[in-house]
Every structure is written in structure tokens, then in C-alpha cells.
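An overview of the molecular structure
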Amino acid sequence: MTATFEQRLDAFRRLDDVKMTFARRDWFPGTSGNLSIKIESEPLQFAVTASGKDKTKLSPEDYLVVDRDSRPVDSTSLKPSAETLIHAVVYKKFPQAGACFHVHTVWNNLISELYFGQRAFSIQGQELIKGLGIWEENASITVPIVENFADIPTLAAAIEKVITPEVPGVLIRNHGIYAWGGNDFEAKRHLEAFEFLFEYHARLLQLRQAVVSTTPTN
Ligand SMILES: CSC[C@@H](O)[C@@H](O)C(=O)COP(=O)(O)O
Ligand SMILES: [Zn+2]
């Protein structure tokens, strides 16, 4: 069934809300980033940001609805995000996912470059890991990191291969993060938790370095 007018309006309003919250944090530099909310599972349809828009602004032409092949459901002059295929991969691999958000931040870019050699970033014993829905004591998480292939089908295939249901996110080297959740509230919480963990870890490394370089050796 095609998404109803009410379903679209609800998804677009939710996207507006998330978008403006992230925009206030400067999470969309240079028109980067894209957001989606699932509307229908069978057949898959989701609302996604239009490509190349200034995501710090609201306009009547910010979103469109696409199908499982990332094609617009309605006739429209809007182009779906260039990275819509990645959202589709997430929804197809994890049918329970209801929203997927992508941002480029300095912290996620730094972590993706620092740990690209291991193709993963791991962190343990941080309270904010609970923000990812992982409640065990002293939990550790591993976020996969993929190469930033310019060809989006290649990038989407690389992402499909490494994402797991345990950790709701993936880093793209020197590009950004995709995070998802059962709905927009959960996907936002996951993204915020990841960003906290990345910033904490990068700052910790900096501080340790500063302490080492100012500690007398004798
Ligand atoms: C302008 S830099 C960012 C783009 O290359 C891309 O990575 C991105 O996140 C936004 O693309 P978009 O097509 O607007 O969804
Ligand atoms: Zn991007």
C-alpha cells in the first residue's frame, strides 16, 4: 500500500523536529547529512531528505517518499539523498529499524580515521553505552568502519556486510556515521550516545598526550 497523506505528514513533521535539533548542534556542515523515517514495511517505503538541501533550514521541499529501490514513490522534481541506498540497506537488513540518521561531525570523522586500520572502534565501561540499549555491566561495543567509497552502491554493499543488530551504527572513514533505531526517538538517542563516546575518547587521547608531554621525566 502507498503511504497515506497522514503518514507522510507525520514522518515529515518528525524529520523536521530531528533536523532542527541536529542543526542547532551544527551537525549538518556544508549541506552534509541525511535523515529518514520508515513509513511502511511491506512494501518498504520511507521518507528521506532531498539531496543537496541546506539541512539547517525548513522548506516545503525538504523530504520525499521512496521505495525499497530508493526510487521516489510519487512524481516529483525532488531528488532523494545521494545516499538513500544506505538507508534502504539498513531497513532491509533490520526490519525492526524505523529511522536512520546520518551526520558528519569532526568527532566521528576523527575516530573513523584514527581506527580505520582496525576497521572498527571499540570502547568499554562507559555509562553512555546504555544509550545504545546495551545494559550489561562494563559492556564493550565495537563500531565497524568502512572505506569511504565514492560509488554509493559499493559503499552501501560494504555497509551491508559489516553492520550487526548488536550495535546500531557504522562509521564511514573521514565521512560520518549512520545510526538507526526502532523509531526516530531511539535512532536519535543512539546517534547522541555514539557522538558522546567518540568525543569522550578523542578528548581523552588528547588529554593523555598533554599529560605525558608536560610530565618531567626524572
Ligand atoms: C556536501 S558533503 C556531503 C555529501 O557528499 C553526502 O555525504 C551527504 O551526507 C549529503 O548528501 P545528500 O545527497 O544531500 O543527502
Ligand atoms: Zn554523508
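The residue numbers shown here count from 1 along each chain, following its written sequence. A letter from A marks each chain and a number from 1 marks each ligand, given out in the order of writing. Totals for whole chains, interfaces and linings use every residue, but because this is a predicted model, local features are given only for residues with pLDDT of at least 70 and side-chain atom pairs only at 80 or more, for both listing and counting. Only hydrogens and water are removed before side-chain values are computed, so all heavy atoms of the structure are retained for them.

A short note on the coordination of the zinc ion (ligand 2)
Put simply, the ideal angle at a metal is 109.5 degrees for four donors in tetrahedral geometry and 90 or 180 degrees for six donors in octahedral geometry. With water excluded from the atoms, a metal site may look incomplete; its donors are any N, O or S atoms within 2.8 Å, or within 3.2 Å for Na, K and Ca. Looking at the metal site, the zinc ion (ligand 2) is ligated by His102 (NE2), His104 (NE2) and His175 (NE2), spaced 2.1 to 2.2 Å from it. The motif formed by the donor residues of the zinc ion (ligand 2), counted along the single chain, is H-x1-H-x70-H. Remark: His175 occurs in the loop between strand E7 (169–172) and strand E8 (176–181) and His102 occurs in strand E4 (residues 99–103); sequence separation between them is 73 residues. For His102, a relative accessible area of 0% puts it in the buried group. A run of H or I in DSSP becomes a helix once it reaches four residues, and a run of E becomes a strand once it reaches two; helices and strands are each numbered from the N terminus. Each residue's exposure class comes from its accessible area (1.4 Å probe, protein chains only) as a fraction of the maximum for that residue type: buried when under 20%, exposed when over 50%, partly exposed otherwise.

Some remarks on the nonpolar core
Phe22, Phe101, Phe121, Ile141, Leu191, Phe194 and Phe198 are the most contacted members of the largest nonpolar core, which has 41 residues in total. The element contributing the most residues to this core is helix H5 (residues 184–214), with 7 residues. When sequence neighbours within four positions are dropped, the list of residues in contact with Ile141 reads Phe121, Ser122, Ile123, Ile129, Leu132, Ile134, Val167, Phe194 and Leu197. The nonpolar core is taken to be a set of buried Ala, Val, Leu, Ile, Met, Phe, Trp, Tyr and Cys residues, with the residues joined through side-chain atoms within 4.5 Å. By size, the runner-up hydrophobic cluster in this structure holds 26 residues, among which are Leu44, Ala50, Cys100 and Ala156. The contact criterion used throughout is that any non-hydrogen atoms of two residues lie within 4.5 Å.

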